[in-house]
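Coordinate analysis (summary)
In case you want the letters, here they are:
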Amino acid sequence: MATRYRFGDSEKPHFITFSVINWIDVFSREKYKEVLIESLQYCITNKGLVLHAWIIMTNHVHLIATAQQPYQLTDIIRDLKKFTSRAIIKAISDNQQESRKDWLIWMFKRAGERNSNNNTYQFWQQDNHPIELSTNEMLDQRLTYLHENPVTAGHVWEPQHYKYSSAIDYYSDQPGLLPVVLLF
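First, a word on scope: everything that follows refers to the structure included in this document. Computed from a predicted structure; not experimentally measured.

**Thoughts on helix α1 (residues 30-46)**
Look at α1: 24 Å from first C-alpha to last across 17 residues, which is about the 24 Å you get at 1.5 Å a residue. Listed as buried for α1 are Y32, K33, V35, L36, I37, S39, L40, C43 and I44. Trailing α1 by a residue or two, G48 shows a phi angle of about 80 degrees, which is positive.

The following block contains the structure:
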């Protein structure tokens, strides 16, 4: 499927969004957010991902990221989505306390069968919606939008109180769950 969104220069910050198919609220469970956190940490340590800002909402993820040379942002995100889709589906299947297990697996299987790019399951929507942030105004707007997401959704009163976000790195002297390279 063609899309107007394309990765540009991997050394320039990109605002990247990827969403769970059908906007399913998978990340309402801590266990599945932890899989994503560990995978992002792996990409930072081993694949050249430079994370400037991030947030995990219940059904989507926003990143502002660049890549170290010789790595390409498009490759990092492709590998991240491929690995996390398998790992999260396995975590769901193995989770004896998951009340939605059968329904979730059925939804991912159904989506996978309808998409010729998949063998069995589809967890993430196909596109990433990367936007190269070429001006300070664009950077500031996307950074504010990203950190205000849980406030707008009613999860917290202040952005820095949301655990699965880089807001604490920007609004306080404390480090968050993942290492970030601040934009400002």
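**Thoughts on the packing of aromatic side chains**
Overall, the coordinates contain six aromatic pairs when judged by the stated rule. Relative to F123, the ring of F108 lies with its centre 5.1 Å away and its plane at 55 degrees, an arrangement referred to as tilted. Of this pair, F108 sits in helix α3 (residues 101-113) while F123 sits in the loop between α3 and β4 (131-132), and the two are 15 residues apart along the sequence. Of the aromatic side chains, those joined through ring pairs into one cluster are F18, F27, F108, F123 and W124. We note R142 situated over the ring of F15; from NZ or CZ to the ring centre the distance is 5.7 Å.

**Observations regarding the sheet that holds β4**
Strand order in the open sheet formed by four strands is β2-β3-β1-β4, with antiparallel pairing between adjacent strands. The sheet is open, and its two borders are formed by β2 (49-56) and β4, each paired with just one other strand. Note that strand β1 (residues 14-19) and β4 share two bridges and pair antiparallel. Bridge pairing links H14 to E132 in β4. The strands that α1 touches are β2 and β3 (60-67); relative to β2, the one it contacts most, it runs at about 165 degrees. Packing against the sheet, helix α2 (residues 73-94) makes contact with β1, β2 and β3, and its axis sits at approximately 20 degrees to β1.

**Considering the nonpolar core**
Ranked by internal contacts, the top residues of the largest apolar core, which has 52 residues, are V26, F27, L49, W54, L63, F108 and F123. When residues of this core are traced back to their parent elements, those giving at least two are β1, α1, β2, β3, α2, α3 and α4 (136-152). At eight residues, the largest contribution of residues to this core is made by α2. Excluding its chain neighbours within four sequence positions, the residues that come into contact with L49 are L40, C43, I44, A65, T66, L73 and I76.

**Points about the pairing of β2**
Judged by how many residues are buried, β2 sits mostly within the fold: eight of eight residues are covered. One ladder, built from seven bridges, connects β2 with β3; its direction is antiparallel. Counterpart to L49 in the pairing with β3 is A67.

**So, the pattern of salt bridges**
Tallied over the entire structure, the rule returns nine salt bridges. For K12, the salt bridge identified is with E132, shortest N-O distance 4.0 Å. In this pair, K12 sits in the segment before β1 while E132 sits in strand β4, placing the two residues 120 residues apart along the sequence. According to the relative accessible area criterion, E132 is partly exposed, its value standing at 25%. Of the charged contacts, one joins R78 and D75 as a salt bridge, the two residues approaching to 3.1 Å between their closest N and O atoms. In this pair, R78 and D75 both sit in helix α2, three residues apart, roughly one turn of the helix. Judged by relative accessible area, R78 falls into the partly exposed class, the value being 48%. By sharing partners, the salt bridges in this structure join K47, D75, R78 and D79 into a single network.

**Describing the environment of H147**
Following the sequence through the fold, H147 ends up in helix α4. Judged by relative accessible area, H147 falls into the buried class, the value being 1%. Sequence separation between H147 and A53 is 94 residues, and the spatial gap between their C-alpha atoms is 8.4 Å. Setting aside anything within four residues of it in sequence, one finds H147 in contact with A53, P159, S165, S166, A167, Y170 and Y171.

What counts and how
Residues numbered from 1 in each chain as written. Predicted model: local features only at pLDDT ≥ 70, side-chain atom pairs only at ≥ 80, totals over all residues. Heavy atoms only, no water. Helix = DSSP H or I, 4+ residues; strand = E, 2+ residues; numbered from the N terminus. Expected span 1.5 Å × (residues − 1). Buried < 20%, exposed > 50% of the residue type's maximum accessible area, 1.4 Å probe, protein only. Phe/Tyr/Trp six-rings, centres within 6.5 Å; stacked < 30°, edge-to-face > 60°. Lys NZ or Arg CZ within 6 Å of the ring centre and 35° of its normal. Pairing = 2+ DSSP bridges. Contact = heavy atoms within 4.5 Å. Axes fitted to C-alpha atoms, helices over the stretch in contact; angles between N-to-C directions. Core = buried A, V, L, I, M, F, W, Y, C linked by side-chain atoms within 4.5 Å. Salt bridge = Lys/Arg side-chain N within 4 Å of Asp/Glu carboxyl O.

No statement about biological role is implied by the geometric values presented.
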